[in-house]
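Below, each chain spelled out in residue letters.
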Amino acid sequence: MAQLFSSVKPTPMLKDELDIVIPTIRNLDFLEMWRPFFEQYHLIIVQDGDPSKVINIPEGFDYDLYNRNDINRILGPKASCISFKDSACRCFGYMVSKKKYIYTIDDDCFVAKDPTGKEINALEQHIKNLLSPSTPHFFNTLYDPYRDGADFVRGYPFSMREGAITAVSHGLWLNIPDYDAPTQLVKPLEKNSRKFALSLKQPILYVDAVMTIPKGTLFPMCGMNLAFDRELIGPAMYFGLMGDGQPIGRYDDMWAGWCVKVICDHMGWGVKTGLPYIWHSKASNPFVNLKKEYNGIFWQEEAIPFFQSVTLPKECTSVQQCYLELAKLVKEKLGKVDPYFITLATGMVTWIEAWEELNSDEGTEAKAPNGKNE
Amino acid sequence: MSSAEINKNEVDIVIGALNADLTQFLTSWRPFFSGFHLIVVKDPELKEELNIPEGFDVDVYSKTDMEKVVGASNATMFSGYSCRYFGYLISKKKYIVSIDDDCVPAKDPKGFLVDAVTQHVINLENPATPLFFNTLYDPYCEGADFVRGYPFSLRSGVPCAASCGLWLNLADLDAPTQALKTEQRNTSYVDAVMTVPAKAMLPISGINIAFNRELVGPALVPALRLAGEGKVRWETLEDVWCGMCLKHISDHLGYGVKTGLPYVWRNERGDAVESLRKKWEGMKLMEKSVPFFESLKLPETALKIEDCVIELAKAVKEQLGSDDPAFTQAADAMVKWIQLWNSVNSSV
């Protein structure tokens, strides 16, 4: 029954089971606002760009910092699969983590407030989402049936009410929504709000729901406010080849999302979206974004039908096997769209090899970063 | 779009009267029903005269009218909650909005009464997006849009076939769930409309629903009748079955089904524990229906709604008929429904 998952007991903190992965290129001042919510957790900082730059991290946080030198040292030639000059490099953090769960957040995302004015503990909501089942096989019109006060509606098959294990919790954003460059250019002033809210300080398009994205349905996964079960789906969370030397950017999380959803569907796991909200403060430059996204806008028209029609063989029973199979199919089918996909497919294979290496028993010793607090 | 911008002449509000006294119901909806044409269909098994307040543009249909139009033997198709389908059959409008007679307007979080009729029509007039999930939900509403990563080729959307609204206070839970949680009320106002993705199945409730009759009218089939069907929603499954058919046909033809706003406020009626005493056969029928719909593929040649319903009925009879007589009866009812629809709607 759904009420087994209500929050009558407090949400466990999972402080020894969860790592927070943050990519950054400038500073981590934003952590100050998150302190009450993040201080008890271990952080993995992935420093992109110039490794000689010193990243300022507020006092009192327990973190490991990896810059490009660390990535190269730890992965050797396999470091080629990790993007440079793009926040896609964050997936290195997933690989080196030893925890069961990951929460990843961008360094321009702050604590949001709900409509009552209360600060939202995004991490706690993600944990709730991950620890309660999903419902990918049948849509519940009252959204997440495991939330307090909700339930399955009349007609919902009883055999499906135990739900599926949740692999991913995809959170949303208030203030600056995650639009692509063309949309940003057309709607420069739009914030995630309704017109009646312009007189209020806090935009009001707060949709108080968590829901499972149905099996067989793809979605655009944004990496700004994302949590997942690393032990389950980690190997599929490769954020691709973006940024420096690559013909594309701002499609890292999209790519991971398509791969992850196909594999979750195959494995019978759920992907949730909705709460929690964070406050996204920075609207990036739409002209710069357009240059990065340009190829992606065309390529996604090919990539999406590919992912929608892909079937993974029954013999693929692990995420790694699924992922390698996907890489093969990407090379075969998308390689004709652009040679980039052949490079990407190679990156996908390298990623799995690196993942296996680092996550085997011998791999653990090699992982120590240079940047570490005392 | 506001209520000033929707064309009231394109809408029929169809109310199935399971209660004789519609005074409170219609009075509470007056601000939002005024200017619209109403079709009130009386449950043929209801003995008392209907009590309808003045001031509405309303046509009332009772058992006698049904028998005149479809014949005495077919009138049984429209008993109980299924009476409203008679209204769908004889309506001549483009859109239908249907609300159960135990619901009144809800209030939004700011305290304003929700104009459910306008919201339904807005949902129906705007495209649906079943082929790819938009994480900011309805991209066509004010203040929202398609997010990064949403394919441009899919941004014009597809026609919306149905708009499934929700309920505050008494949500549409089944009898076992409501009996277990007698005090539970739905207080959560989720401020979103979204399209239910293609291929995803869902339980569509008839309590607060609207649809494009011109597009999919024949697909709303009054077909599945539980042996012990009663006069409270806990003792019916007709709308859930209808919804499974509608969704499948919509997916097949490339239309969308939306869910979410508007909310209505649903009041107490009946006793969930009492309803539990009846053997909950609906549960068994749903369990059998799900794998059927999951694997069902309508032929590519079925391009008209009526053909889709006939093909679906055939498949139901072939694949589910031996499981339970209720399915055979449903299949027969679906075929009969199309015959009635064609005969009533061709004599114009």
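Reading guide: rules and limits
Residues numbered from 1 in each chain as written. Chains lettered and ligands numbered in written order. Predicted model: local features only at pLDDT ≥ 70, side-chain atom pairs only at ≥ 80, totals over all residues. Heavy atoms only, no water. Helix = DSSP H or I, 4+ residues; strand = E, 2+ residues; numbered from the N terminus. Buried < 20%, exposed > 50% of the residue type's maximum accessible area, 1.4 Å probe, protein only. Contact = heavy atoms within 4.5 Å. Areas by Shrake-Rupley, 256 points an atom, 1.4 Å probe, with all protein chains shown as cover. Rg over C-alpha atoms; globule rule 2.2 N^0.38 Å. Lys, Arg positive; Asp, Glu negative; His and termini not counted. Charge placed at Lys NZ, Arg CZ, Asp CG, Glu CD. pLDDT = per-residue confidence, 0-100. Buried area = accessible area lost by both parts, 1.4 Å probe. Salt bridge = Lys/Arg side-chain N within 4 Å of Asp/Glu carboxyl O. Polar contact = N/O pair within 3.5 Å; in protein donor to acceptor, adjacent residues only side chain to side chain. Nonpolar A, V, L, I, M, F, W, Y, C, P; charged D, E, K, R; others polar. Phe/Tyr/Trp six-rings, centres within 6.5 Å; stacked < 30°, edge-to-face > 60°. Lys NZ or Arg CZ within 6 Å of the ring centre and 35° of its normal. Core = buried A, V, L, I, M, F, W, Y, C linked by side-chain atoms within 4.5 Å. Pairing = 2+ DSSP bridges. Axes fitted to C-alpha atoms, helices over the stretch in contact; angles between N-to-C directions. Parallel < 35°, antiparallel > 145°, perpendicular 65-115°, else oblique. Disulfide = S-S within 2.5 Å. Left-handed = near helix turned anticlockwise from the far one by under 90°.

Novice: I would appreciate a short explanation of the overall build of chain A in the present structure.
Specialist: When helices and strands are tallied, chain A shows 10 helices and 10 strands. By the burial criterion, 61% of the 374 residues in chain A qualify as buried. Long-range pairs, those at least 24 residues apart, make up 75% of the contacts in chain A with a sequence separation of at least 6. Entry remark: accessible area of chain A is about 14,600 Å², with carbon and sulfur atoms responsible for 55%.

Novice: Help me understand the overall build of chain B in this model?
Specialist: Counting its regular elements, chain B contains 11 helices and 9 strands. Its C-alpha atoms give chain B a radius of gyration of 19 Å, within 12% of the compact-globule value 20 Å for 348 residues. Along the longest, intermediate and shortest principal axes, the C-alpha atoms of chain B span 55 × 50 × 50 Å. When burial is assessed residue by residue, chain B has 63% of its 348 residues classed as buried. In chain B, once contacts between residues fewer than 6 apart in sequence are set aside, the share between residues at least 24 apart is 78%. Within the structure as shown, chain B displays about 12,800 Å² of accessible surface, and the carbon and sulfur contribution to it stands at 52%. Positive and negative side-chain charges in chain B, numbering 35 and 46 respectively, have mean positions lying 2 Å apart.

Novice: Which parts of the structure should I look at to understand the confidence of the model for chain A?
Specialist: As a general rule, the predicted coordinates of low-pLDDT regions are not to be interpreted in detail. Residue and element names in this part refer to chain A. Of all residues in chain A, 89% attain a pLDDT of 70 or more, and the chain-wide mean is 90. Counted against residues more than four places away or in other chains, residues 3-7, with its pLDDT under 50, gives 10 contacts. The low-confidence segment residues 193-204, where pLDDT is below 50, has 18 contacts with residues more than four positions distant or belonging to other chains.

Novice: Which parts of the structure should I look at to understand the interface of chain B and chain A?
Specialist: Bring the parts together and some accessible area is lost; that lost area is often taken as the interface size. The partner chain A presents 64 residues to the 62 residues of chain B that form the contact. Summed over both partners, the interface of chain B with chain A buries about 5,300 Å², with 59% contributed by carbon and sulfur atoms. Contact with chain A buries surface across chain B, with B:Phe133, B:Arg148 and B:Pro203 losing the most and accounting together for 15% of the total. B:Lys181 is paired through a salt bridge with A:Asp151; the nearest N and O atoms lie 2.4 Å apart. Linking chain B with chain A are 22 residue pairs in polar contact (both at pLDDT 80 or more), by the criterion used here. Residue composition of the side of chain B that touches chain A, by class: 37 nonpolar, 12 polar and 13 charged.

Novice: How should I be thinking about helix 4 (residues 116-125) of chain B in this particular structure?
Specialist: An α-helix turns once per 3.6 residues; consequently, residues spaced three or four apart project the same way. Among the 10 residues of helix 4 of chain B, 8 are classified as buried, and the element is accordingly described as predominantly covered. Buried within helix 4 of chain B we find B:Ala116, B:Val117, B:Thr118, B:His120, B:Val121, B:Ile122, B:Asn123 and B:Leu124.

Novice: Quick question: what am I supposed to make of the packing of aromatic side chains here?
Specialist: Aromatic rings considered in pairs are described by the distance between their centres and by the relative angle of their planes. One pass over the structure, following the stated rule, counts 39 aromatic pairs over all chains. Taken together, a centroid distance of 4.5 Å and an interplanar angle of 50° make the contact between A:Phe152 and A:Tyr156 tilted. One exposure class covers both A:Phe152 and A:Tyr156, and it is buried. Summarising the aromatic geometry, the rings of B:Trp29 and B:Phe32 are spaced 6.4 Å apart at their centres and angled 70° between planes, so their arrangement reads as edge-to-face. In this pair, B:Trp29 and B:Phe32 are both assigned in helix 1 (residues 23-33), 3 residues apart and thus about one turn of the helix distant. Summarising the burial analysis for this pair, B:Trp29 and B:Phe32 share the class buried. What links up through ring pairs into an aromatic cluster is the set B:Tyr61, B:Phe78, B:Tyr85, B:Phe86, B:Tyr88, B:Phe211, B:Trp337 and B:Trp341. The positively charged end of A:Arg161 is found above the aromatic ring belonging to A:Phe158, 3.8 Å away from the centroid.

Novice: Mind showing me how you'd approach unusual backbone geometry here?
Specialist: Glycine aside, residues mostly have negative phi angles, and peptide bonds mostly take the trans form. A cis amide bond, omega 10°, links A:Leu275 with the succeeding residue A:Pro276. Checked against the element boundaries, A:Pro276 lands in strand 9 (residues 270-280). The linkage connecting B:Leu261 with the following residue, B:Pro262, adopts the cis geometry, with an omega of 10°. Within the secondary structure, B:Pro262 sits in strand 9 (residues 256-266). Unlike most non-glycine residues, A:Leu14 shows phi in positive territory, near 60°.

Novice: Which parts of the structure should I look at to understand the nonpolar core?
Specialist: Among soluble globular proteins, nonpolar side chains are generally buried collectively. Counting 256 residues, the largest nonpolar core has A:Ile233, A:Trp255, B:Phe33 and B:Trp241 as the members making the most contacts within it. In this structure, A:Trp255 is in contact with A:Tyr238, A:Phe307, A:Tyr323, A:Val330, A:Leu334, A:Phe341, A:Leu344 and A:Met348, ignoring residues within four places of it in sequence. Among the nonpolar cores identified, the runner-up in size contains 5 residues, and B:Ala175, B:Ala179, B:Trp234 and B:Ala272 belong to it.

Novice: Please clarify how the side chain of A:Glu325 should be interpreted in this entry.
Specialist: Residue and element names in this part refer to chain A. As for its position among the elements, Glu-325 is in helix 9 (residues 319-334). With a relative accessible area of 16%, Glu-325 lands in the buried category. In this view, Glu-325 contacts Leu-312, Pro-313 and Cys-316; residues no more than four positions away in its chain are not counted.

Novice: Would you mind going over the environment of A:Gly268 with me for this structure?
Specialist: In this fold, A:Gly268 is placed in the loop between helix 7 (252-267) and strand 9. Spatially, the C-alpha atom of A:Gly268 lies 12 Å from that of A:Ile213, the residues being 55 residues apart in sequence.

Novice: Explanation requested: the pattern of salt bridges in the structure shown.
Specialist: Pairing between side chains of opposite charge can happen when their charged atoms approach one another. Tallied over the full model, the rule gives 32 salt bridges over all chains. As a salt-bridge pair, B:Arg84 and B:Glu238 come within 3.2 Å of each other at their nearest N and O atoms. Linking B:Arg84 in helix 3 (residues 83-90) with B:Glu238 in helix 7 (residues 238-253), this pair joins segments that are 154 residues apart in sequence. Across this residue pair, the class does not change: B:Arg84 and B:Glu238 are buried. Each of A:Arg154, B:Arg84, B:Asp100, B:Asp172, B:Arg233, B:Glu238 and B:Asp239 takes part in one network of salt bridges that share partners.

Novice: Looking at this structure, I do not really get the pairing of strand 6 (residues 160-169) of chain B. What am I missing?
Specialist: All names here are of chain B. Within strand 6, 10 of the 10 residues are buried, which leaves the element mostly enclosed by the surrounding structure. When strand 6 meets strand 9, the two strands line up parallel, connected through 9 bridges. Within strand 9, the position partnered with Leu-168 by the bridge is Trp-265. Of the strand pairs in this sheet, strand 6 and strand 8 (residues 208-212) are connected by 3 bridges, and their pairing is antiparallel. The partner of Cys-164 across the bridge, within strand 8, is Ile-209.

Novice: Mind showing me how you'd approach the packing of helix 7 of chain B against helix 9 (residues 281-295) of chain B here?
Specialist: Geometrically, a packed helix pair is captured by the angle between its two axes and the distance between the axes. All names here are of chain B. Between helix 7 and helix 9, the least distance of the axes is 12 Å, while the angle of their chain directions is 5°. By the angle class used here, helix 7 and helix 9 are roughly parallel. Contact with helix 7, carried on its side by Val-240, Trp-241, Met-244, Cys-245 and His-248, involves Met-286, Ser-289, Val-290 and Phe-293 of helix 9 and no other residues of that element. A breakdown of the residues in the contact of helix 7 with helix 9 according to their chemical character gives 7 nonpolar, 2 polar and no charged.

Novice: Sorry, what's going on with the state of the cysteines here?
Specialist: Disulfide: a covalent bond connecting the sulfur atoms of a pair of cysteines. Residue and element names in this part refer to chain A. Overall, the coordinates contain 0 disulfides over all chains when judged by the stated rule. Here Cys-89 is not cross-linked by a disulfide; its sulfur's nearest cysteine counterpart is in Cys-91, at 7.8 Å. What makes Cys-89 buried here is its relative accessible area of 2%. Take Cys-259: it sits in no disulfide, and the sulfur closest to it among the cysteines is that of Cys-322, at 11 Å.

Novice: Sorry if this is basic, but what is going on with the packing of helix 8 (residues 286-309) of chain A against helix 9 of chain A here?
Specialist: Residues and elements named next belong to chain A. Running from N to C, helix 8 and helix 9 point in directions that differ by 130°, and their axes come no closer than 11 Å. On the basis of the axis angle, helix 8 is oblique to helix 9. In terms of crossing hand, the pair formed by helix 8 and helix 9 is right-handed. For the pair helix 8 and helix 9, the contacting residues are Glu-302, Ala-303, Phe-306 and Phe-307 in the first and Leu-326, Leu-329, Val-330, Lys-333 and Leu-334 in the second. A breakdown of the residues in the contact of helix 8 with helix 9 according to their chemical character gives 7 nonpolar, no polar and 2 charged.

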